[in-house]
Amino acid sequence: MSRKVLVLYAHPSQHRSEVNQPMFDAARDITGVTLVDLYQQYPTYQIDIEREQQRLLEHDVVVFQFPLYWYSTPSILKEWQDLVLEYGFAYGNEGTALQGKQFICAISAGGAEQAYKMEGYNHYPLEDLLRPIEQMAGITGMKYLPPLALFGARTAVEEGRMSQHIERWKTLLTLLQEGALDTQSCDDLIALLDQQAGEAK
Amino acid sequence: MTGYFIQAFIFLFAAVVMVPLAKRLGLGSVLGYLIAGVIIGPVTGLVGQETNTIQHFAEFGVVMMLFLVGLELQPAMLWQMRHKLLGLGGLQVGLTTLAVTGITLLLGQSWSIALAIGLIFSLSSTAIVLQTFNEKGLTKTEGGNSAFSVLLFQDIAVIPMLALMPLLALPELQSVGSAAADHHEEISLVAHLPGWATGLVVLGTIVGLVLAGHYLSRPLFRYVADSGLREAFIAAALMLVIGIAALMGLVGLSPALGTFLAGVVLSNSEFRHELEANIEPFKGLLLGLFFITVGAGVNFTVLGDNFTTIIALTLGLMLLKAAVLFVLALIFKVHAGDRWLFTLSLAQAGEFGFVLLTYAVSHSVLPTELAQLLSLVVALSMFLTPALFIVLEKVIFPRYEQQQQQRDMDDIDEQGSVIIAGIGRFGQIVNRLLVANGVPTVVLDHQAAQVDRLRSINIKSFYGDATRTDLLHSAGIEDAKLLVVAIDDKDRALALVKQVKHEFPHVGILARAYDRGHHYELKDAGADYVISETYPSALQLGGEALQRLGYHPFRAEQIKQRFSKLEKQHFESLFSSWLHEGEARDFSDHYRSLFLQLESKILTAMKQESEDTRSDEERGWTPPPKTYQDDFNR
C-alpha cells in the first residue's frame, strides 16, 4: 500500500549544511515524497496556515527533518506547529485531521551518542528530549515512530559516515512510502534500517 | 540634387530588398549587400562610374567600425593582447607577403610588382570579418579573438605599406601615374616637411589625441548631455569620429587607426555605451554602402575576358592565405573549431587592398590593367568569404560542438549580471545590495550628473537612455539575467518593460511602480515582479504609528502582515477587472466596487478581535476557545 510522505525540512543556514542539505537533496530521487523547505517557503516566518493544513490532509506520513537546536527544533518548525496545528483541525473535539497518520523525526545532533546518556554531558537520551514532539504527535492522533538520528553530525563528513547515513535515510523514506515499515516491535530505527540494508545485499 | 536622391534611393532600395532576403536564406548581411551591389551595378547598370566616389565615402564605415572596436577594448586588454598582435599579426602579414611575392616572381613579374602584390594580398577584410563575427556572435571566441589581433595588426601595417609603395615605382609607368596621382592629391600638413618633423608632428598628434580623449572628452560630453537633447549627443559623437579621421588624414596617418585609438582612450568613459549606441547605426549603414560599392564595382568585361585566370588567382590566393593561417594557428595553439574559424575567416583580401591598388596605380607601381584584374581578385575573395562562414557554421562547427560545450563550462563567471535602469534613490539601494554581494551590475541613467556622482564613489555606471534597445545591447542585455527598472518617468519605464520583454524574453524584469495604476500597467506589459515604490515604506511607517499609539510591536507587525496579505489576495481580481475596463479603468464602477470590497475586507479583518469566534482572517496565534479543556475530559 503506497503512502504519500511529506518531509517538512527546517534548516536556517543551508549554505553551511553538511548533513541535512545533502539528505534533503538525496530525497528528491524518491517517488511519492513531497519535500517542503520551510525556510525557503517562509523566509519571513509568515506561514500560510491554510496551505500547510491542506498539505497535511493530502499526506499519510509526516516527517520533520531538522538539526537539533537546543534540544528541540529550529524555531520555524515550532512556529509551524504553533500556527498550523490549530484547535479544531489537529486537536480538540472536531480536530481529527491528522488521526492515523505516521509521524517521524529525522534529526542530526552535534553531540556524540555518548553525550545523550544519563552519564553524558547532555544527561538525557534523545527520546526524552523529544517528548514534547512525541506528545504533539500523540494528542493529534499520529503514530509516533522512533527518530532517525545522526549523532556527531559536525564531523560526519570527515569521518566518512555520510554515505551510509544517506542510504539509511533513503531506505527509510522508501519504506515509509511503501507502507512497509514495521516498527511495532522496534525501538531502534537505525538497527532496523541497517539490518534492512544487510538483507538487501 | 534630384540625381543624388535617385542614386541614394537605388542604393537603399537594393539594400532593403536584398539584405533581409540574404539573412533569411542564412547567408548573412554582408553577402546580401554584395549581391545587391552586383545587381544594381554590373547586372542592371543602374549605377555606374560614381560608385568609386561613393566607395571613398563609404570607407568611412570602416573607420567608424574601428572606433567601436576601440571602445570595446580597454587599454589593459590591448596590452594583454600584445603578443598575439605582434606574433600572430606580424607573422601573418610577413609570411603571406613573402609567399605571394615569391609566387608572383615565379609567374614572371618584376620584383617590385611582386612585392606590391604581396603586400596588397597580405591584408584581409576587417569590415567583412568583424561584421560577420558580430552577427554570428563569434567575437568572444578564441578564434575570433586571434583573428581580431591579426586584423588589428593589418590595419596598423597599412601605414608603412602606404609609405613603402612610392619606393616601388616603375619608371616606365611614371607618365601614366602622375596624372592619376594629381587626382588623388589630398590636403596634408606634413607633405612638405622633412622626415624628422613629420615624425614629431605625428607623435604630437597621437599624444594630443590621447590626452584630449582622456581629459577633454568628459567635460565636453557632460556639457552636451546636460542639454538633454539626444540629437546634440549624436552630433557630438559624429563630430568626434569625423574630427579625428580628418586630423589623422592631415598628418598622413590612417583614419581607422586614429579613431581606433580614440575608441580605446574612451573605453573607460561612462559615456561609452551612449557613444556606441549613437555611432552604431551610422557604421552599419556606411559599411553596408561600402559592401554594395564593392559589388557594384565588379567589372564584368574584365572578368569575362580573364575569367579562368581570375578564378584561379582568387582560389589560389585564398588557399595560400588559409595555409599560412592554418600553420600559424598550429604554432600559436589555437584549438579545434577555433583553428578553422581563424583559418577560414581571414583567407580573403580586404578593402584596404582596393585602397593600396589605387594608390599603387597612382604611384606608378602597378600597370592599370593588372590592377583592374587584381581588384577583381580582391572583390571575388571578399565575395567568397560569407560562403566560407556558411561552411564553418554548417560543416565544421557541428563537429566541434561537443568540445565547445565542455569548454564553455569553464568560464561561467561572466554570467548572471544585472542591468539596473535608473540609479536614483531607488535603484541605488538595489545596486548597493547586489554589488555588496559580488553580483556584477551595469547601471544606466540618463542624468549625467548622477552617473558622475556614482562614479566618484566607485559605482560602475554609464550615461544613457535605457529605453533604447541599442544601448541595452551594448550594456550586454543578451547575457543579462535580470533587468531592474527603476527609472522615474512612468511611460518610459513602461516602454522599457514592453520592449525588453518582447526582444529578450529570457531576461527577468523587476520593476518599480509609481502607484497602483502603474503597477497594473507594468504587470500587463510583462514585468515579472512589480513593487509599488512607496508601499513597503508606507506600511512600515504605518506600523511605527501603531506602535507609537500604544500597540505592542509584535501585534503591530502582525497587523501589517495581515494588511499586505489581504492586498495580495485581492491583487488578481482587481488586476483582471482593471484589464477588462480598458480606457475607463480607474473610474469604472466594477473596479471601484472591487476596490471598496477590498477596503471593507481589510477593515473587517483589522477590527475583528474576538476570543472565541475564529474568523478566517484572524488565525495566527488565536488561542483555543476557553472551554476547550472539556474536549479532553469527555
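Residues numbered from 1 in each chain as written. Chains lettered and ligands numbered in written order. Predicted model: local features only at pLDDT ≥ 70, side-chain atom pairs only at ≥ 80, totals over all residues. Heavy atoms only, no water.

> Tell me what's going on with the overall build of chain B, and back it up with residues and numbers.
Counting its secondary structure elements, chain B contains 29 helices and six strands. Put simply, 74% of the contacts in chain B that link residues at least 6 apart link residues at least 24 apart. Put simply, chain B shows about 31,800 Å² of open surface, and 63% of that area lies on carbon and sulfur atoms. (Helix = DSSP H or I, 4+ residues; strand = E, 2+ residues; numbered from the N terminus. Contact = heavy atoms within 4.5 Å. Areas by Shrake-Rupley, 256 points an atom, 1.4 Å probe, with all protein chains shown as cover.)

> Which residues make up the packing of helix H3 (residues 51-72) of chain B against helix H12 (residues 230-250) of chain B, and what values do they have?
Residue and element names in this part refer to chain B. Across the interface, H3 lies against H12 with an axial gap of 11 Å and an inter-helix angle of 110°. When the axes of H3 and H12 are compared, the pair comes out roughly perpendicular. Remark: the crossing between H3 and H12 carries right-handed chirality. Between H3 and H12, the contacting residues are Phe60, Val63, Met64 and Phe67 on the first element and Leu238, Leu240, Val241, Ile242 and Ala245 on the second. (Axes fitted to C-alpha atoms, helices over the stretch in contact; angles between N-to-C directions. Parallel < 35°, antiparallel > 145°, perpendicular 65-115°, else oblique. Left-handed = near helix turned anticlockwise from the far one by under 90°.)

> So, helix H23 (residues 490-503) of chain B: which residues are in play, and what are the values?
All names here are of chain B. Given a rise of 1.5 Å per residue, 14 residues ought to cover 20 Å, and the 20 Å separating the end C-alpha atoms of H23 matches this to within 8%. By the burial criterion, the buried members of H23 are Arg492, Ala493, Leu494, Leu496, Val497 and Val500. Tucked into the core, H23 has its buried residues touching strand E1 (417-421), helix H22 (469-474), strand E4 (480-485), strand E5 (508-513) and helix H24 (516-525). Of the residues flanking the start of H23, the one acting as N-cap is Asp489, its side-chain oxygen 3.0 Å from the backbone nitrogen of Asp491. (Expected span 1.5 Å × (residues − 1). Buried < 20%, exposed > 50% of the residue type's maximum accessible area, 1.4 Å probe, protein only. Polar contact = N/O pair within 3.5 Å; in protein donor to acceptor, adjacent residues only side chain to side chain.)

> Let's hear about the nonpolar core: which residues, and what values?
Judged by nonpolar contacts, the single largest core of 129 residues is most densely connected at Phe67, Phe121, Met165, Phe291, Phe342 and Leu366 of chain B. With 14 residues, the top contributor of residues to this core is helix H19 (residues 368-408) of chain B. Ignoring any residue separated from it by four or fewer positions in sequence, one finds Phe342 of chain B in contact with Leu88, Gly143, Ser146, Ala147, Val150, Leu325, Leu328 and Ala329 of chain B. The next biggest cluster of nonpolar side chains, apart from the first, holds 40 residues, and it includes Leu83, Leu98, Tyr116 and Leu130 of chain A. (Core = buried A, V, L, I, M, F, W, Y, C linked by side-chain atoms within 4.5 Å.)

> Account for unusual backbone geometry, naming residues and giving values.
All names here are of chain A. At Tyr71, a residue that is not glycine, the phi angle is positive and equals roughly 65°. For His123, which is not glycine, the phi dihedral falls at a positive 65°. Mapped onto the secondary structure, His123 falls in the loop between strand E4 (102-108) and helix H5 (126-129).

> Could you give me a rundown of a negative patch on the surface, with the residues and numbers involved?
All names here are of chain B. On the surface, Asp489, Asp491, Asp515, Glu521 and Asp524 cluster together into a negatively charged patch. As for its placement among the helices and strands, Asp515 is situated in the loop between E5 and H24. Classification of Asp515 as partly exposed rests on a relative accessible area of 30%. (Patch = residues over 30% accessible without salt bridge, like charges linked within 9 Å, V, L, I, M, F, W, Y side chains within 5 Å. Salt bridge = Lys/Arg side-chain N within 4 Å of Asp/Glu carboxyl O. Lys, Arg positive; Asp, Glu negative; His and termini not counted. Charge placed at Lys NZ, Arg CZ, Asp CG, Glu CD.)

> Please give an account of the interface of chain A and chain B that cites residues and values.
Put simply, an interface is often sized by how much accessible area is lost when its parts join up. Tallying the contact residues gives 13 residues for chain A and eleven residues for chain B. Between chain A and chain B lies a buried interface of about 1,200 Å² when both sides are counted; carbon and sulfur atoms form 53% of it. Counting the surface chain A buries against chain B, the share from its top three residues, Glu86, Tyr87 and Asn93 of chain A, is 40%. For the interface between chain A and chain B, the tally reads zero salt bridges. Taken together, chain A and chain B are joined by zero residue pairs in polar contact (both at pLDDT 80 or more). Listing elements by their share of the side of chain A that touches chain B, those giving two or more residues are helix H3 (49-57) and helix H4 (75-84) of chain A. Along the lines of polarity and charge, the residues of the side of chain A that touches chain B split into five nonpolar, four polar and four charged. (Buried area = accessible area lost by both parts, 1.4 Å probe. Nonpolar A, V, L, I, M, F, W, Y, C, P; charged D, E, K, R; others polar.)

> Can you tell me about the packing of aromatic side chains, naming the residues and giving the values?
Given two aromatic rings, their pairing is described by the distance between the two centres and the angle made by the two planes. All names here are of chain B. Scanning the model with the defined rule gives 25 aromatic pairs over all chains in all. Measuring from ring centre to ring centre gives 5.6 Å for Tyr520 and Phe571, while their planes differ by 55°; the resulting arrangement is tilted. With Tyr520 in helix H24 and Phe571 in helix H27 (residues 571-581), the pair connects residues that are 51 residues apart, well separated along the chain. Accessibility assignment for this pair places Tyr520 and Phe571 in one class, buried. Consider the rings of Tyr520 and Trp578, whose centres lie 5.5 Å apart with planes at 45°: the pair is tilted. Linking Tyr520 in helix H24 with Trp578 in helix H27, this pair joins segments that are 58 residues apart in sequence. The two residues Tyr520 and Trp578 agree in class, both being buried. (Phe/Tyr/Trp six-rings, centres within 6.5 Å; stacked < 30°, edge-to-face > 60°.)

> Kindly report on a nonpolar patch on the surface, identifying the contributing residues and their values.
Residue and element names in this part refer to chain B. A surface patch of nonpolar side chains, about 540 Å² in accessible area, is lined by Leu203, Val207, Leu211, Tyr215 and Leu216. One can find Val207 in helix H10 (residues 195-215). The exposure class of Val207 is partly exposed, given its relative accessible area of 44%.

> Describe the side chain of Arg168 of chain A, naming the residues involved and giving the relevant values.
Residue and element names in this part refer to chain A. Among the secondary structure elements, Arg168 is positioned in helix H7 (residues 162-178). You can call Arg168 buried: its relative accessible area is 11%. For Arg168, the contacting residues outside a window of four places in its chain are Leu148, Ile190, Leu193 and Asp194.

So far we have only geometry, and geometry alone does not tell us how the molecule works.
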